Amino acid sequence: DQIGDAAKKLGDASYDFAKEVDWNNGVFLQAPGSFQPLKALKAIDKMIEMGAAADPELLKKAADAHHKAIGSISGPNGVTSRADWDAVNAALGRVVASVPKQKVMDVYDAVKDITDPKVPAYMKSLVNGADAEKAYQGFLEFKDVVAANQVTTASAAATVPTGDKIGTAAKALSDASYPFIKDIDWLSDIYLKPLPGKTAPETLKAIDKMIVMGSKMDGNLLKAAAEAHHKAIGSIDAKGVTSPEDYEAVNAALGRIVASVPKQTVMDVYDSMAKIVDSSVTNNMFSTVNPLDALSAAKGFYTFKDVVEAAQ
Ligand code: CLA
Ligand code: PID
Ligand code: PID
Ligand code: PID
Ligand code: PID
Ligand code: PID
Ligand code: PID
């Protein structure tokens, strides 16, 4: 297709740049400017809306391309192979083309809003500037091909199951865990801190398991989960906490996407996370909330998971 062909040209123009970026640099965990969690949540919300509007099959293929690319990483900078670089660009170009232009521009504008104008120049200073310029020229040509293949209307909204066992169980889970949700400091910057003692390649292994799980999920249910998050963001209070109803809808939606993949795929995520999250992290989280509320939430979760497993 045209986007695939254009991605090869983009690769010619951008792979030198890709090799020069230090993908393992811890700087990418930082906010791209001053820390503004509510504004950042708005930017994430625009990405969620774009993801929910995208073609689910193309999203899956993009997830697969990333998984494959992680498998061909080499060298200290963590760069993937030239062929996989092109495949990721092609897959993302197709995802972008599957949503109306305005959804893409909304993400761009919202990200711009939380990005210090000095950040792009700083990023450029870390690589060969001429290669960055060459990559950008390549991107400008690529985007015209994407725009020429872009849809003008968003895909249909997801169908949300009703009256299923997971939905019923989500009510009990949410009642048991909403006090815990209210105890959590959602506006803290602690969630952007590096995991103690872990390197980027180690962390990427766990992300890879999530990518694999995402690619196996039922596309309609994943879209529904994204829509539920978007709705929940719309009802947050000043401390970032969503309404009980929207929280329940998020739990139901996430229970359903977990049930749409094999148990082992879920356990692979859990086991890889357990390898990189030290117990000091979990204990620290626990120390910031009311312990009884956390234990009630955990009890609710362990009951919920049996209903999910039965539907899996
Ligand atoms: Mg989420 C999970 C935040 C968007 C899909 N997500 C999580 C949590 C964290 C979070 C609260 C990971 C850390 C953790 O486990 O804490 N997501 C979060 C934010 C946003 C977002 C702030 C921004 C909008 N997510 C989002 C989108 C999607 C997902 C758009 C795609 C539709 N997210 C997704 C999945 C999962 C998460 C599939 C998880 O599995 C993970 C999670 O919650 O695992 C348990 C602990 C969890 C909480 C504080 C909230 C849930 C409370 C539960 C139901 C009960 C508590 C149990 C116990 C006390 C603690 C966990 C024990 C542990 C051993 C499992
Ligand atoms: C400017 C001035 C003109 C010239 C110009 C110009 C530039 C415009 C530009 C630009 C626009 C632009 C857009 C970019 C957009 C990037 C979008 C990224 C989206 C990320 C997402 C992430 C996610 C997920 C995911 C799916 C999940 C939801 C999420 C589900 C259902 C200024 C040059 C034309 C770069 C969507 C993918 C996992 C949130 O106009 O004169 O330069 O760049 O998890 O959804 O699971
Ligand atoms: C524009 C203007 C509108 C019209 C429009 C428009 C276009 C927007 C577009 C577009 C946005 C867009 C984005 C693309 C992004 C491509 C990103 C590729 C990333 C590849 C990576 C590969 C890799 C790895 C990996 C992880 C490793 C690092 C690597 C570590 C830690 C402008 C059409 C709407 C194409 C990251 C995965 C293995 C490098 O908005 O008018 O057209 O395209 O090895 O991580 O090692
Ligand atoms: C300039 C002037 C214009 C021309 C121009 C120009 C240049 C702009 C530039 C540039 C922008 C730019 C951006 C770059 C972005 C790279 C982003 C990389 C992200 C990597 C990540 C990696 C990771 C992980 C991971 C999970 C870990 C955290 C991490 C935990 C909990 C100035 C040329 C357009 C290079 C996210 C995945 C392992 C961080 O605009 O005239 O030149 O470069 O380790 O999670 O640990
Ligand atoms: C233990 C001991 C027993 C008792 C027990 C026990 C506990 C087990 C547990 C537990 C397992 C467990 C699992 C959890 C799994 C969480 C999984 C999260 C996945 C996140 C993903 C994120 C993503 C995306 C997304 C889609 C995108 C890709 C991504 C596409 C196509 C130990 C109690 C049984 C919590 C997948 C969603 C946006 C990466 O067994 O004695 O306690 O918890 O962007 O995909 O866009
Ligand atoms: C288990 C054991 C196996 C069998 C199995 C199994 C089950 C795994 C499961 C499961 C995992 C799982 C995960 C669930 C997670 C739910 C998370 C809910 C999060 C809700 C949020 C709501 C909100 C917001 C929002 C953003 C705001 C904050 C809030 C800010 C900055 C165990 C079956 C495989 C259900 C985050 C979105 C508005 C609070 O593995 O043997 O069954 O379920 O307002 O952000 O303000
Ligand atoms: C313990 C002992 C057992 C019993 C138990 C127990 C407790 C475990 C616990 C607990 C685990 C736990 C986890 C918590 C996790 C909270 C996660 C919140 C994530 C929030 C995010 C928010 C954000 C953003 C956002 C984007 C911004 C950055 C942020 C930028 C660029 C010990 C009870 C099981 C509470 C990610 C989205 C706005 C950070 O196990 O016997 O008690 O709690 O602002 O992006 O700015």
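### Let's talk about the site of ligand 4
In the vicinity of ligand 4, 15 residues are found, and the nearest of them are Phe28, Met123, Lys124, Tyr136 and Ala200. Protein chains bury 66% of the 1000 Å² of accessible surface belonging to ligand 4 in isolation. If you list the elements that add at least two residues to the shell around ligand 4, you get helix 6 (119-125), helix 7 (129-148) and helix 9 (200-216). It is helix 6 that provides the largest number of residues to the shell around ligand 4, a total of four residues. Across the shell around ligand 4, the residue classes tally to eleven nonpolar, two polar and two charged.

### Comments concerning helix 2 (residues 37-53)
The terminal C-alpha atoms of helix 2 lie 24 Å apart, and with 17 residues this matches the ideal 24 Å at 1.5 Å per residue to within 8%. The complete set of buried residues in helix 2 reads Ala43, Asp45, Ile48, Met50, Ala52 and Ala53. Those residues of helix 2 hidden inside the fold are in contact with helix 4 (82-97), helix 5 (101-114) and helix 10 (219-233).

### So, the site of ligand 3
For ligand 3, the set of nearby residues contains 23 residues, the closest of which are Trp23, Gly78, Thr80, Asn89 and Lys101. Gly78 is positioned with one of its backbone polar atoms (N or O) 2.7 Å from an oxygen atom of ligand 3. Here Thr80 contributes a backbone N or O atom positioned 2.8 Å from an oxygen atom of ligand 3. Relative to its unbound accessible surface of 980 Å², ligand 3 loses 80% to contact with the protein. Looking at the shell around ligand 3, the elements that each hand over two or more residues are helix 3 (56-71), helix 4, helix 5 and helix 7. Its residues assigned to classes, the shell around ligand 3 shows 15 nonpolar, six polar and two charged.

### So, the pattern of salt bridges
One pass over the full model with this rule turns up 16 salt bridges. A salt bridge links Lys39 to Asp113; its shortest N-O distance comes to 3.6 Å. Of this pair, Lys39 sits in helix 2 while Asp113 sits in helix 5; the two residues are 74 residues apart in sequence, bridging distant segments of the chain. Between Lys231 and Asp246 there is a salt bridge, and its shortest N-O distance comes to 2.9 Å. In this pair, Lys231 sits in helix 10 while Asp246 sits in helix 11 (residues 244-259), placing the two residues 15 residues apart along the sequence. Taking relative accessible area as the criterion, Asp246 reaches 8% and is therefore assigned buried. Within the structure, one salt-bridge network assembled from shared partners comprises Asp12, Arg82 and Asp86.

### Here we look at helix 14 (residues 291-310)
Here helix 14 is 20 residues long and its end C-alpha atoms lie 29 Å apart, about the 28 Å a rise of 1.5 Å per residue gives. Among all positions of helix 14, only Asp293, Ala294, Ala297, Gly300, Phe304 and Val308 are buried. Looking straight down helix 14, one finds its buried side chains confined to an arc of 125°; they lie on one side. Every exposed residue of helix 14 that faces more than 90 degrees away from the buried side is listed here: Leu292, Leu295, Lys299, Tyr302, Thr303 and Ala310. If you follow the buried residues of helix 14, they end up packed against helix 8 (165-183), helix 11 and helix 13 (279-287). Capping the start of helix 14 is the job of one residue whose side-chain oxygen sits 2.8 Å from the backbone nitrogen of Leu292: Asn290.

Cut-off values and rules
Residues numbered from 1 in each chain as written. Chains lettered and ligands numbered in written order. Predicted model: local features only at pLDDT ≥ 70, side-chain atom pairs only at ≥ 80, totals over all residues. Heavy atoms only, no water. Near = heavy atom within 4 Å. Areas by Shrake-Rupley, 256 points an atom, 1.4 Å probe, with all protein chains shown as cover. Helix = DSSP H or I, 4+ residues; strand = E, 2+ residues; numbered from the N terminus. Nonpolar A, V, L, I, M, F, W, Y, C, P; charged D, E, K, R; others polar. Expected span 1.5 Å × (residues − 1). Buried < 20%, exposed > 50% of the residue type's maximum accessible area, 1.4 Å probe, protein only. Contact = heavy atoms within 4.5 Å. Polar contact = N/O pair within 3.5 Å; in protein donor to acceptor, adjacent residues only side chain to side chain. Salt bridge = Lys/Arg side-chain N within 4 Å of Asp/Glu carboxyl O. Arc of directions from axis to C-beta.

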